[in-house]
Amino acid sequence: MKWLSRLKIKEVFKNYTQRHPETDSQASTNANISNPYCQKSNEDEKTWTFSGVDTEGEKIEFILCETQLEKSPRGITIGGSAKLSDLILKDNSLTHRHARFSYRDDNLYVEDLNSYNGTEVDGVLLKPFEPRILSSDNTLTLGEIKFTFTQKN
């Protein structure tokens, strides 16, 4: 049955790229997440690379870039629904529209969007709709997925 869910993920990403041609059909290297936001970045740009393992033991990695975050004044949402989220991560512990990343005042923020399984920073559950600054020494947990991340520049 695992192959069936992977086919669905690929179909979701195919549909997304058809609706958003500016992504130039950039497929993520990971089958569990479609990330049209930051595949290539310039050398001077800030980037954040998030790495973790989903509930089925599959490696997950995605990158957020300063430029794309600045172009998204409302932020970039992550969740399990292609209709409701910008970054699509297929994992049963995430809600359709789980959390939002935003960038302002030279800081990266994460905000829980009233998700069912919550969002934690360093083991502390975030209150819904209250943004929290992320730094490289933090651990971010979305649902049951723990992410470590690094910042470049």
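As a starting point, this report considers the structure included with it. Small disclaimer: the values here were computed from a predicted structure and weren't measured. (Residues numbered from 1 in each chain as written. Predicted model: local features only at pLDDT ≥ 70, side-chain atom pairs only at ≥ 80, totals over all residues. Heavy atoms only, no water.)

**Quick notes on the sheet that holds strand β8 (residues 119-121)**
Argument step 1. Strand order in this open sheet of six strands is β3-β2-β12-β11-β8-β9, and the pairing throughout is antiparallel. The open sheet is flanked by β3 (59-65) and β9 (124-125), the only strands paired with a single partner.
Argument step 2. Bridging between β8 and strand β11 (residues 139-142) involves three bridges; their strand directions are antiparallel. Paired with V121 across the strands is L140, a residue of β11. (Pairing = 2+ DSSP bridges. Helix = DSSP H or I, 4+ residues; strand = E, 2+ residues; numbered from the N terminus.)

**Notes on the environment of H96**
Argument step 1. Relative to the helices and strands, H96 resides in the loop between β5 (87-89) and β6 (99-104).
Argument step 2. Here H96 falls in the exposed class, since its relative accessible area comes to 53%.
Argument step 3. Between the C-alpha atom of H96 and that of I78, which follows or precedes it by 18 residues, the distance is 8.1 Å.
Argument step 4. In this structure, H96 is in contact with G79, G80, S81, L84 and S85, ignoring residues within four places of it in sequence. (Buried < 20%, exposed > 50% of the residue type's maximum accessible area, 1.4 Å probe, protein only. Contact = heavy atoms within 4.5 Å.)

**Topic: the packing of aromatic side chains**
Argument step 1. Per the stated rule, a full pass over the model turns up seven aromatic pairs.
Argument step 2. Aromatic pair F50 and F62: ring centres 4.8 Å apart, planes at 5°, arrangement stacked. Residue F50 is found in strand β2 (residues 47-53), and its partner F62 is found in strand β3; the two are separated by twelve residues along the sequence. When sorted by exposure, F50 lands in the same class as F62, which is buried.
Argument step 3. Seen in terms of ring centroids, F50 and F101 are 5.2 Å apart; in terms of plane orientation they differ by 55°. Their pairing is tilted. (Phe/Tyr/Trp six-rings, centres within 6.5 Å; stacked < 30°, edge-to-face > 60°.)

By themselves, these are just geometric observations and shouldn't be taken as functional.
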